[in-house]
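# Observations on chain architecture
Chain by chain, the residues:
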2 protein chains.
Amino acid sequence: MNYQPFSDKDLLFLKKLLGDDRVSTGASNLEIHSHDESFHSGYYPDVVVWPLTTEEVSTIVAYANQHLIPVTPWGVGTSLEGNPLCVYGGILVDFDRMDKIFAIRAEDFQVDVQAGVKYQDMNKILSRHGLFFAPDPGANATIGGMIGNNASGVRTVKYGGTRDNVAKLTVVLANGEVIRPGNLAQKSSSGYDLVHLIIGSEGTLGIVTEASLRLAGIPERFSAAVATFPTIRQATQAVYDIMGSGLGPAALELLDVSTVKVINTEANAGLEEDPTLFMEFTGTSDVALGEDVKLAETICKENGNTGFQSGVGREARNRLWENRHKAYEYIKRNNPGLDFMILDTAVPLSRYTEMVTFAVETIQKYGIKGYAFGHAGDGNLHLVLAGDFQDEDFCRKRDDANFEIVSQAISMGGTATGEHGIGIGKKKFMPMEHGKSLELMKQIKKMMDPNGILNPGKMVDPS
Amino acid sequence: MNYQPFSDKDLLFLKKLLGDDRVSTGASNLEIHSHDESFHSGYYPDVVVWPLTTEEVSTIVAYANQHLIPVTPWGVGTSLEGNPLCVYGGILVDFDRMDKIFAIRAEDFQVDVQAGVKYQDMNKILSRHGLFFAPDPGANATIGGMIGNNASGVRTVKYGGTRDNVAKLTVVLANGEVIRPGNLAQKSSSGYDLVHLIIGSEGTLGIVTEASLRLAGIPERFSAAVATFPTIRQATQAVYDIMGSGLGPAALELLDVSTVKVINTEANAGLEEDPTLFMEFTGTSDVALGEDVKLAETICKENGNTGFQSGVGREARNRLWENRHKAYEYIKRNNPGLDFMILDTAVPLSRYTEMVTFAVETIQKYGIKGYAFGHAGDGNLHLVLAGDFQDEDFCRKRDDANFEIVSQAISMGGTATGEHGIGIGKKKFMPMEHGKSLELMKQIKKMMDPNGILNPGKMVDPS
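All of these numbers come straight from a predicted model, not from anything done at the bench.

## Structural notes on the relation of the copies chain B and chain A
For the pair chain B and chain A, the best superposition has an RMSD of 0.0 Å and corresponds to a rotation of 180° with a translation of 0.0 Å parallel to the axis. As the rotation angle and translation indicate, the two copies are arranged about a two-fold axis. Residue by residue, 100% of the interface of chain B is reproduced at the interface of chain A, so both copies engage with the same surface.

## Quick look at the sheet that holds strand β12 (residues 221–228) of chain B
Residues and elements named next belong to chain B. In space, the seven strands of this open sheet follow the order β15-β12-β14-β13-β17-β18-β16, with antiparallel pairing throughout. Sheet topology places β15 (307–312) and β16 (339–346) at the edges, where each strand pairs with a single neighbour. In this sheet, neighbouring strand axes are inclined to one another by 15° on average, regardless of whether the strands run parallel or antiparallel. The pairing of strand β17 (residues 369–374) with strand β18 (residues 380–387) spans five bridges and is antiparallel. Paired with G370 across the bridge in β18 is L385. Running over the sheet, helix α13 (residues 352–365) touches β13 (251–255), β16, β17 and β18 and is turned about 5° from β18.

## Digging into the environment of S24 of chain A
Residue and element names in this part refer to chain A. Inspection of the secondary structure assignment puts S24 in strand β1 (residues 23–24). On the accessibility criterion, S24 (11% relative accessible area) is buried. In the structure, S24 is positioned 310 residues away from N334 in sequence and 35 Å away in space, judged by C-alpha atoms. A distance of 3.0 Å separates the side chain of S24 from the side chain of N29, its partner in a polar contact.

## Considerations on the sheet that holds strand β3 (residues 71–74) of chain A
Residue and element names in this part refer to chain A. Strands sit in the order β1-β2-β4-β3 across an open sheet of four strands; the sheet is mixed. Only two strands of the sheet have a single neighbouring strand rather than two, namely β1 and β3. Alignment of β3 against strand β4 (residues 91–94), held across four bridges, turns out to be parallel. If you follow W74 over to β4, its bridge partner there is D94.

## Considerations on the packing of aromatic side chains
As enumerated under the stated definition, the model contains 14 aromatic pairs over all chains in all. When the centroid spacing of 6.1 Å and the interplanar angle of 85° are considered together, the rings of F278 of chain A and W321 of chain A count as edge-to-face. On the criterion of sequence distance, the pair formed by F278 of chain A in strand β14 (residues 276–283) and W321 of chain A in helix α11 (residues 314–325) is long-range, its members being 43 residues apart. With respect to burial, F278 of chain A and W321 of chain A carry one shared label: buried. Ring geometry for F39 of chain B versus F389 of chain B: centroids 5.1 Å apart, planes at 90°, classification edge-to-face. Placement of the pair is F39 of chain B in the loop between α2 (27–32) and β2 (47–49) and F389 of chain B in the loop between β18 and α14 (392–411), with a sequence separation of 350 residues. Its guanidinium or amino end placed over the ring of Y159 of chain B, K158 of chain B lies 5.9 Å from that ring's centre, counting from NZ or CZ. A cation over a ring is seen here: R317 of chain B above F222 of chain B, with NZ or CZ 4.0 Å from the ring centre.

Procedures and definitions
Residues numbered from 1 in each chain as written. Chains lettered and ligands numbered in written order. Predicted model: local features only at pLDDT ≥ 70, side-chain atom pairs only at ≥ 80, totals over all residues. Heavy atoms only, no water. Least-squares fit on C-alpha atoms with pLDDT ≥ 70 in both. Contact = heavy atoms within 4.5 Å. Pairing = 2+ DSSP bridges. Helix = DSSP H or I, 4+ residues; strand = E, 2+ residues; numbered from the N terminus. Axes fitted to C-alpha atoms, helices over the stretch in contact; angles between N-to-C directions. Buried < 20%, exposed > 50% of the residue type's maximum accessible area, 1.4 Å probe, protein only. Polar contact = N/O pair within 3.5 Å; in protein donor to acceptor, adjacent residues only side chain to side chain. Phe/Tyr/Trp six-rings, centres within 6.5 Å; stacked < 30°, edge-to-face > 60°. Lys NZ or Arg CZ within 6 Å of the ring centre and 35° of its normal.

Below, the structure written as structure tokens:
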């Protein structure tokens with residue numbers, strides 16, 4: 001692509017459109033936006049802009065398209081694969097100020113928002129209506145970022161991911177045109193599913209500026225439980241049996257010993273230091289809930305479970321999930337001076353035990369310090385590899401281990417990324433995972449973004 | 001489009017490929033395939049073929065693309081908008097013999113099938129494993145047809161539609177190339193979502209030949225109930241309150257008095273002849289189930305409910321759902337000599353009462369005999385208009401009523417079709433519903449099928 005260098009004339013245009021205070025070329029602003037929560041870094045935008053409306057985004061994108069300047073949307077930078085980084089410089093569109101909640105339509109279990117709304121902040125407001133947006137990436141991501149990466153998390157085993165909870169979008173296309181695919185009904189068989197085409201496309205086909213989201217009712221009753229096992233294999237086998245039993249857990253998380261130890265150290269959690277499952281059940285009746293937990297315990301016991309703590313109260317339960325959400329943060333804090341790569345494969349449930357075993361053995365083979373945890377209930381495994389990323393020898397081992405583990409997941413019928421997206425880090429696995437479908441993806445990209453200005457360097461290159 | 005007339009040479013090619021017994025130009029075969037279950041009829045293919053494999057479909061489509069011959073996939077003809085009819089003649093690909101179940105992967109809650117498998121037949125086999133494919137269109141449709149139209153039904157309120165239950169597809173593209181988008185993991189954030197792009201595209205972007213479907217466990221316990229109300233408005237208000245209460249019914253169906261009467265006459269059902277809700281709850285515990293039903297009854301009573309019959313046994317429950325599924329069939333049988341158009345709008349739940357009222361009042365205004373029923377729990381309304389379709393005056397009224405009702409649904413943030421698809425009948429509503437998104441749909445169609453050979457005359461015309 002023949003991108004044009006960002007010029008003073010371009011800067012003037014943006015300042016005229018947005019005013020001086022919503023356009024910055026300041027070093028610290030460029031620095032802040034040069035990396036996300038992953039180890040990918042050093043990708044500097046030429047300019048950062050803070051639009052307020054879809055119309056402003058449209059004007060920016062239309063201008064960029066005309067002048068061949070890359071445009072990359074940015075939520076809050078909690079992504080884990082370099083998804084919003086300006087590989088080719090250009091304009092970074094920060095959604096920080098597009099954080100309006102237009103309408104809470106509780107009567108339809110829906111909310112209409114701007115893409116810059118942060119989901120934890122939104123869920124706090126929605127809780128007053130007894131509602132919440134269920135996909136739960138842990139970090140306080142923006143809705144736009146979640147849509148871009150099809151984010152999911154601990155609640156996905158019950159409620160689905162972002163993809164399953166979006167009714168309608170407002171999207172700025174590469175030429176600046178605005179479309180509003182989808183509708184507010186619960187279901188539709190009308191037209192091509194542009195909403196799903198955009199979700200997970202990481203801003204490479206269009207920039208999402210507004211969304212209507214489907215909400216769930218906050219469950220009346222819940223019961224959390226912590227189960228420990230002598231081996232990780234027994235823990236994952238219990239996951240498989242729980243999922244096959246007809247129980248519908250609201251969360252089912254795996255943590256290996258290293259991860260549990262870090263949580264104990266960093267959060268003084270007092271967990272038994274064994275391979276562990278965190279789980280939660282929800283319901284409208286205490287009796288039914290109690291039966292669910294009892295069945296889960298029986299299944300755990302059949303798999304050699306040593307400790308089973310259930311009936312955790314609201315406060316302890318919230319701490320449990322906070323600790324789970326902060327696991328990656330704790331791991332980083334616990335290893336000062338080291339760098340981190342976080343893997344994110346997902347496989348069919350029946351292969352999860354095999355996948356976890358393979359992954360752990362692979363990093364042992366390479367002598368890499370690692371932490372394994374993940375959304376076990378939907379076959380999603382995270383593995384944090386820790387080391388010195390200035391050390392070329394280590395990086396070679398890291399990349400080899402990463403390649404072997406991701407390849408293994410794909411060969412099991414799984415995917416290179418369960419929820420973090422392709423970004424910079426997973427692009428090399430696209431041909432292996434998608435085969436001939438990749439060519440069609442490239443054609444779609446070329447058709448929808450012929451000048452390749454939308455978040456270039458991600459997902460696919462135009463054919 | 002400059003389609004080429006189907007020639008003897010083309011026939012020879014097909015016979016050489018498939019053998020004489022899997023190619024037919026016989027009048028009765030063309031006649032059988034000239035109409036579906038809707039009033040659209042008289043669209044004759046030039047030839048009907050019965051392939052056995054993806055490779056054969058690929059060869060047929062590649063040939064058709066090269067020779068500019070339309071190709072239209074056909075499941076079993078239970079569609080309700082003329083979806084698989086050959087508007088421009090050409091080759092009709094009947095999936096009747098592509099009915100293999102490749103693998104029941106019970107351990108992953110998935111099944112791999114050819115597109116010609118019929119879903120009721122498949123579910124009978126899956127029931128031995130305690131599993132079922134949840135989207136339930138009523139008719140014994142093929143999986144390919146369900147994917148093409150994004151079919152759904154009485155179970156969708158709990159389990160989602162076809163769109164929500166497909167993991168992976170095999171698709172023959174317009175040039176004959178075969179792609180296999182998707183994967184077998186529970187979730188993924190990798191690449192553009194081609195699976196969802198294909199689902200609901202009615203064979204206009206590619207022909208689905210195989211699929212891996214997500215399955216649900218057959219619930220251990222269920223409880224069906226029948227509730228009657230003095231007015232349809234009270235019944236729909238109860239639907240709205242039930243859905244807002246946190247209850248998660250496995251089915252929640254509305255039937256107006258006319259529909260109930262027909263079911264009584266045709267199936268001797270002995271139902272009270274009032275506006276009626278059929279509902280079902282499922283669970284793992286009798287206690288929890290009982291609580292759910294009690295709460296539903298309380299909500300119904302608050303809305304003026306007159307009769308509430310619950311705890312219906314397995315046999316009576318199966319009869320209940322059979323009667324609901326056969327409602328359209330009964331209506332047709334009960335009105336010999338008349339013709340029928342079935343409407344299929346969906347609106348946000350909060351507008352359902354208003355939508356039903358508007359629809360019923362509209363057909364009254366035009367003096368049209370009608371029957372209203374639908375998947376109330378997800379805001380989906382069916383309305384059967386009965387009359388003499390040879391009578392031009394009636395047809396004008398019918399079309400005016402249809403236009404007003406569908407327009408009203410769209411203006412409420414709803415959709416022209418909840419589950420029947422666009423086909424022939426709903427094409428005229430595409431601009432109203434999709435606005436500027438329609439242009440992108442046309443571009444996608446043109447890119448993926450530049451010669452316009454795939455099910456032409458449906459969904460969108462190439463731009």
